[in-house]
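Spelled out, the chains give:
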Amino acid sequence: MTPDDLPTLSFYEPWMRMALELAGQAFEEGEVPVGAVIVHDGRVIGTGYNQREMLRDPTAHAEMIAITQAAESLGSWRLTDCTLICTLEPCPMCAGAIVQARIPIVIYGTTDPKGGACHTLYQITDDPRLNHRATAMGGVLQPECRAILQEFFAQQRALGKK
């Protein structure tokens, strides 16, 4: 599958808005504001937002939590007919989980210049050496997705954190 085979970016906006709401919840809880939604046959089957601080778990990224919920919802670790929509380009850990879960489509809002693993730093989701690949596209509601992250980190810097 290539990006040309996918609907236009605007098709994913309603789900990205849901992911942004989840990112807002993370922000309110003092977490890096990233949200993720997994869709199967037009229905949301998994959601997540960053909870690393609250759960004291380095793997508690939005995508990982959404993948776990989606797998439970389908009763299978294979998420072959699903789409992951997330506000920030997945990191290497999450990109690896996407490949392992066989998720074929990843839509993200903004790139991650420090840890992006779909396009920016690495191309894990499209690495031909792996047994599965995902088509990843960024830019859905990119200004909003970037703004919430910028606001969060500006606030953290003002508080002398992060």
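As shown above, the structure is provided for reference.
Quick summary incoming for the structure in this document. (Residues numbered from 1 in each chain as written. Predicted model: local features only at pLDDT ≥ 70, side-chain atom pairs only at ≥ 80, totals over all residues. Heavy atoms only, no water.)

Points about the layout of surface pockets
Keep this limit in mind: In this analysis a 1.4 Å probe is tested at points of a 1 Å grid over the protein atoms alone, and where it fits but cannot get out there is a cavity; an open set with protein on both sides within 12 Å along at least five of seven lines is a pocket; lining residues have an atom within 4 Å of a point. Grid points are joined across faces, edges and corners, and a volume is the space filled by probe spheres set on the points. The secondary structure listing takes helices from DSSP runs of H or I that are at least 4 residues long and strands from runs of E that are at least 2 residues long, numbered from the N terminus. Here the nonpolar group is Ala, Val, Leu, Ile, Met, Phe, Trp, Tyr, Cys and Pro; Asp, Glu, Lys and Arg are the charged ones; every other residue, Gly included, is treated as polar.
When its volume is computed, the largest pocket comes out at roughly 530 Å³. Residue lining of the largest pocket: 20 residues in total, with Val32, Leu88, Asp112, Leu149 and Phe153 positioned closest to the centre. With 4 residues, the single largest contributor to the lining of the largest pocket is helix α5 (residues 142-158). Among the residues making up the lining of the largest pocket, the classes are represented as 8 nonpolar, 6 polar and 6 charged.

Some thoughts on the sheet that holds strand β3 (residues 82-88)
Strand pairing in a sheet is mediated by backbone hydrogen bonds. Such pairs are either parallel or antiparallel. Formally: Following DSSP output, two strands are said to pair if at least two bridges run between them. To obtain each axis, a line is fitted to C-alpha atoms, and for helices this fit is confined to the stretch in contact; angles are then taken between N-to-C directions over 0 to 180 degrees. Pairs of residues are marked as contacts when any of their non-hydrogen atoms sit within 4.5 Å.
Strand order in this open sheet of 5 strands is β2-β1-β3-β4-β5, and the pairing throughout is mixed. Two strands close off the open sheet at either side, each with one partner strand: β2 (43-49) and β5 (135-138). Taking each pair of neighbouring strands and ignoring which way they run, the sheet shows an average axis angle of 15 degrees. Bridge count between strand β4 (residues 105-110) and β5: 4 bridges; the pairing is parallel. Note on β5: the bridge partner recorded for Ile105 is Thr135. Most of the contacts of α5 go to β4, to which it runs at about 60 degrees, and overall it touches β3 and β4.

A look at the pairing of strand β1 (residues 35-40)
Stated precisely, the cut-off is as follows: Using a 1.4 Å probe on the protein chains alone, a residue whose accessible area is under 20% of its type maximum counts as buried, one over 50% counts as exposed, and one in between counts as partly exposed.
Within β1, 6 of the 6 residues are buried, which leaves the element mostly enclosed by the surrounding structure. Side-chain alternation along β1 places Gly35, Val37 and Val39 on one buried face and Ala36, Ile38 and His40 on a second face that is also buried. Taken together, the 6 bridges between β1 and β2 define a ladder with antiparallel strand orientation. Residue His40 lies in a different strand from β2, and its bridge partner there is Arg43. Turn length for the β1-β2 hairpin, with the two strands adjacent in sequence and antiparallel, is 2 residues, and the turn residue Asp41 shows positive phi of about 50 degrees. Pairing between β1 and β3: 5 bridges, direction antiparallel.

Remarks on unusual backbone geometry
One non-glycine residue, Arg56, lies in positive phi territory at about 55 degrees. Note on placement: Arg56 falls in the loop between α2 (52-55) and α3 (62-74). The class of Arg56 is exposed, set by a relative accessible area of 75%. For Leu141, which is not a glycine, the phi torsion comes out positive at approximately 50 degrees. Topologically, Leu141 is positioned in the loop between β5 and α5.

Some details on the side chain of His61
Checked against the element boundaries, His61 lands in the loop between α2 and α3. In this view, His61 contacts Asn50, Arg52, Cys91, Met93 and Cys94; residues no more than four positions away in its chain are not counted.

Overview of the nonpolar core
Grouped burial of nonpolar side chains is what soluble globular proteins tend to show. As a reminder of what qualifies: We define the nonpolar core as a collection of buried residues of types Ala, Val, Leu, Ile, Met, Phe, Trp, Tyr and Cys that are connected through side-chain atoms lying within 4.5 Å of one another.
One finds Ile38, Leu79 and Ile107 to be the most contacted residues of the largest nonpolar core, which totals 47 residues. Beyond its immediate sequence surroundings of up to four residues, Leu79 is in contact with Ile38, Ile67, Ala70, Ala71, Leu74, Ala101, Arg102, Ile103 and Pro104.

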